[in-house]
Amino acid sequence: MSINTSVAATAIACALAHAPTADAQAVAWRAVAGQSGSVATANLPAGVDRSYSDASIGSAGAGMVGLRVSSPSASSGYWARRNGVLTRYVQTGVTGALGPGRGAGEASHVFLSYVNGWSEAGPDGQRVFAARAGDPALGDPEASWGLWRWDGTKNIEIARALTDSVLGPGLGAGWRFQNASGFAGARMLAGGRALLVGTVTTPTTASRDVVLLHVPGSGNVPCALEDSTDPALSPGLVAGDSFPADWNGSLAAFAVSADDHVYARLSTSNSREGIWQLCDGAPRALVADEVTGALGPDLGVSTAYFSSFYGPPKPADAGRVFFVATGRLAQGGASFGGLFHHDAGGNHPLALNGDTGAYSPHWLDATFTSIDETTLTAAGEWAAFEANMRTGDGAAPTGLFRVRPGQAPEPVAIIGADVPYAPEENHTWSNLRASAVLANGDILLEAYTSPGNEYALWLLKRGAAPRRVLRAGDIAIVPTASGNVQAAINNFTLAGGAGIGQYDRGGDSWIGADGTILASASVNGYGSVLLMATPSNPIDLIFRNGYDG
């Protein structure tokens, strides 16, 4: 699946209008920033053209948009929307609220540089970012890399390279973060906490990967450590096992749920693999390969076991975790593969390759042949995924499905199929791209349709026909110095630097968990403009009414 990405928007809420027909504009889109100085943007100079990037909305949505301004130079730095206003929170060369906020003998320190490409928002609007800070009089050689959180008013350092103090990895004397820009990846949680996945140097100068939870007032608390057999930091599948060097400062295997639980797909020193819950006591395996019972698959066969897992876990509500796996019904027996979900009762199938019953596509006589883990998203009770199928006549179509525990997979969009699995009469899906499922089961889908190779963003609502929520020719509301004007959208791409929505992993992207959507568009007369739309009535992230109000 090829995904177009672009810069994202700083946000203000806009209401949605009900669409009387599929061809009427369904959603009101508002320009919240623009490269042209003619687009009025709070706290950026009026009438001055700008350049910005690295923009996305926080995993919770709620208008928590961040972006990096590179010009004009007087406005350069990281910005975030706070209480409805775009506010700068990182600037190089200054002390005070925009600086590193170091105290005592380091009060003169400033940011000398910061890492481009990411700044993550937590559910309460706090943000985490990486930068290099030091005394400007001494220059770069004496500076150190670190991680900071912005609490909405000031920057607070949470981790620093080359120290074993409270800003170090919390593993004792001589354990230090490496002094490099990527010494740790980070994801913001609620209340100032943050997940850190990084690389440290031991007292003997060896290198180790580590998972930490930053807790304000307590420092950095280790959750898992490469090569450690300490029960508090190791897999715990068998005595003496450990985690190998899988992470390298990357968050690719990790996910943070909406209720701030940390999950990861990891391997162990004895060539085992599974999904763990971390940073809530000792690592706890939820699913593992090569075993039956509680850590194995609930397939009604006592000898069944998992053999491989694919992609990061996707947590949803109430401790539910969705994942894609393969295995065998017994040693040397028939294989299986598909989508599963973990809950307190075990690891249950939702969609299985080759099944013709409850776990099948429920479309014609098709069976699943493979489920694309890179398209899996989850929210509430729901998961959505793309899968390849095989029909009795030998065709091999691809489709998008939604499913929740206790119900069969539901096809919602199948490439080349007719209504009701087509976008509308006399049109078919030709290319399914980015997607995200919301907590009420509604799906947002970026896709091309035929004839005409039309590109649009669609809402696939349960029990209703698909409808476009954004396409070329729609109208955007653009704020200017003389008031709001309406202008046609020439073209658009989704924002946030990611394909599928990332809120089910605690990450920022083009869509937040409350359904807020960000896009970058060319708007007639105003050039490149950042657009935002929100559901008409998001209620406590439950989506009781979704996009219908």
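1. Side note on the nonpolar core
Across soluble globular proteins, you tend to see nonpolar side chains buried next to one another.
Argument step 1. Formed by 47 residues in total, the largest nonpolar core has its most connected members in Leu460, Trp510 and Val523.
Argument step 2. Broken down by element, the residue count for this core peaks at 6 residues, all from strand E30 (residues 454–460).
Argument step 3. In contact with Val523, other than residues within four places in its own chain, are Ala476, Val478, Ala487, Ala488, Ile489, Asn490 and Val529.
Argument step 4. Ranked by size, the runner-up nonpolar core spans 21 residues in total, among them Val115, Ala159, Leu196 and Val200.

2. Here we look at the packing of aromatic side chains
Argument step 1. Applying the stated rule across the entire model yields 24 aromatic pairs.
Argument step 2. The interplanar angle of 65° and the centroid separation of 6.1 Å between the aromatic rings of Phe306 and Phe336 together place this pair among those described as edge-to-face. Of this pair, Phe306 sits in strand E20 (residues 305–315) while Phe336 sits in strand E22 (residues 335–343), and the two are 30 residues apart along the sequence. Pair check on accessibility: Phe306 and Phe336 agree, each one buried.
Argument step 3. An angle of 15° between the planes, with centres 5.8 Å apart, marks the rings of Phe323 and Phe340 as stacked. In this pair, Phe323 is assigned in strand E21 (residues 321–328) and Phe340 in strand E22, connecting sequence segments 17 residues apart.
Argument step 4. Taken together, the aromatic side chains of Tyr78, Tyr89, Phe111, Tyr114, Phe129, Trp148 and Trp150 make up a single cluster linked through ring pairs.
Argument step 5. Positioned over the ring face of Trp150 is Arg82, at 5.9 Å from the centre of the ring.

3. Remarks on the state of the cysteines
Argument step 1. Per the counting criterion, the structure on display carries 1 disulfide.
Argument step 2. A sulfur-sulfur distance of 2.2 Å marks the disulfide that ties Cys223 to Cys279. One disulfide, between Cys223 and Cys279, carries an S-S torsion of 115° and so falls in the right-handed class. With Cys223 in strand E15 (residues 219–225) and Cys279 in the loop between strand E18 (273–278) and strand E19 (284–288), this pair connects stretches of sequence that are 56 residues apart. Both residues of the pair, Cys223 and Cys279, belong to the buried class.

4. A closer look at the sheet that holds strand E26 (residues 398–403)
Argument step 1. Pairing is antiparallel in the open sheet, where 4 strands are placed in the order E24-E25-E26-E27. Two strands in the sheet have a free side with no partner beyond their single neighbour: strand E24 (367–379) and strand E27 (410–414). When strand polarity is set aside, the average angle formed by the axes of neighbouring strands in this sheet is 30°.
Argument step 2. Examined bridge by bridge, E26 and E27 share 4 bridges and lie antiparallel to one another. Note that in E27 the partner of Phe401 across the bridge is Pro411.

5. Considering the pattern of salt bridges
If charged atoms from side chains of opposite charge come close, those side chains can pair.
Argument step 1. For the structure shown, the criterion picks out 20 salt bridges.
Argument step 2. Linking Arg193 and Asp260 is a salt bridge whose minimum nitrogen-to-oxygen distance equals 3.3 Å. You can see Arg193 sitting in the loop between strand E12 (184–188) and strand E13 (194–201) and its partner Asp260 sitting in the loop between strand E16 (254–256) and strand E17 (262–267), a full 67 residues away along the chain.
Argument step 3. Of the residues examined, Arg193 reaches a relative accessible area of 25% and is grouped as partly exposed.

6. Overview of the sheet that holds E16
Argument step 1. Across the sheet, which stays open at both edges, the 4 strands sit in the order E16-E17-E18-E19 with antiparallel pairing between neighbours. On the outer flanks of this sheet lie E16 and E19, each paired with one strand and no other. For this sheet, the mean inter-axis angle between neighbouring strands, taken without regard to orientation, is 25°.
Argument step 2. Two strands pair when backbone bridges link them, and E18 and E19 are joined in this way by 4 bridges, in the antiparallel orientation. The residue bridging Gly274 from the neighbouring strand is Ala288, located in E19.

7. Here's the deal with the side chain of Arg402
Argument step 1. By the element assignment, Arg402 lies in strand E26.
Argument step 2. Of the residues examined, Arg402 reaches a relative accessible area of 3% and is grouped as buried.
Argument step 3. A distance of 2.9 Å separates a polar atom in the side chain of Arg402 from the backbone oxygen of Gly441.

8. A closer look at the pairing of E15
Argument step 1. Counting buried residues along E15, 5 of its 7 residues qualify, which places the element largely inside the surrounding structure.
Argument step 2. Where strand E14 (residues 207–215) meets E15, 6 bridges bridge the pair, whose relative direction is antiparallel. In the strand pairing of E15, Leu212 is matched with Pro222.
Argument step 3. The turn linking E14 back onto E15 is made up of 3 residues, and Gly217 within it adopts a positive phi angle of 90°.

9. Observations concerning the pairing of E20
Argument step 1. By the bridge criterion, 7 bridges tie E20 to E21 in an arrangement that is antiparallel. The residue of E21 that forms the bridge with Tyr305 is Arg328.
Argument step 2. The antiparallel hairpin formed by E20 and E21 contains 5 residues in its connecting segment, where Ala318 sits at a positive phi of about 55°.

10. As for unusual backbone geometry
Argument step 1. The peptide bond linking Val419 to Pro420 adopts the cis configuration, its omega dihedral lying at 15°.
Argument step 2. Within the secondary structure, Pro420 sits in the loop between E27 and strand E28 (428–437).
Argument step 3. Omega for the bond connecting Ser450 with Pro451 falls within 30 degrees of zero, at 0°, which places this linkage in the cis form.
Argument step 4. Along the chain, the position of Pro451 falls in the loop between strand E29 (443–450) and E30.
Argument step 5. Phi angles above zero are rare outside glycine, and Ser271 is one such case at about 60°.
Argument step 6. In this structure, Ser271 sits in the loop between E17 and E18.
Argument step 7. Take Ser271: its relative accessible area is 66%, and that puts it in the exposed class.
Argument step 8. Positive phi values are uncommon outside glycine, yet Leu364 reaches one of about 50°.
Argument step 9. Here Leu364 shows up in the loop between strand E23 (346–352) and E24.
Argument step 10. Residue classification places Leu364 among the exposed residues on the basis of a relative accessible area of 70%.

The rules we used
Residues numbered from 1 in each chain as written. Predicted model: local features only at pLDDT ≥ 70, side-chain atom pairs only at ≥ 80, totals over all residues. Heavy atoms only, no water. Core = buried A, V, L, I, M, F, W, Y, C linked by side-chain atoms within 4.5 Å. Buried < 20%, exposed > 50% of the residue type's maximum accessible area, 1.4 Å probe, protein only. Helix = DSSP H or I, 4+ residues; strand = E, 2+ residues; numbered from the N terminus. Contact = heavy atoms within 4.5 Å. Phe/Tyr/Trp six-rings, centres within 6.5 Å; stacked < 30°, edge-to-face > 60°. Lys NZ or Arg CZ within 6 Å of the ring centre and 35° of its normal. Disulfide = S-S within 2.5 Å. Pairing = 2+ DSSP bridges. Axes fitted to C-alpha atoms, helices over the stretch in contact; angles between N-to-C directions. Salt bridge = Lys/Arg side-chain N within 4 Å of Asp/Glu carboxyl O. Polar contact = N/O pair within 3.5 Å; in protein donor to acceptor, adjacent residues only side chain to side chain.

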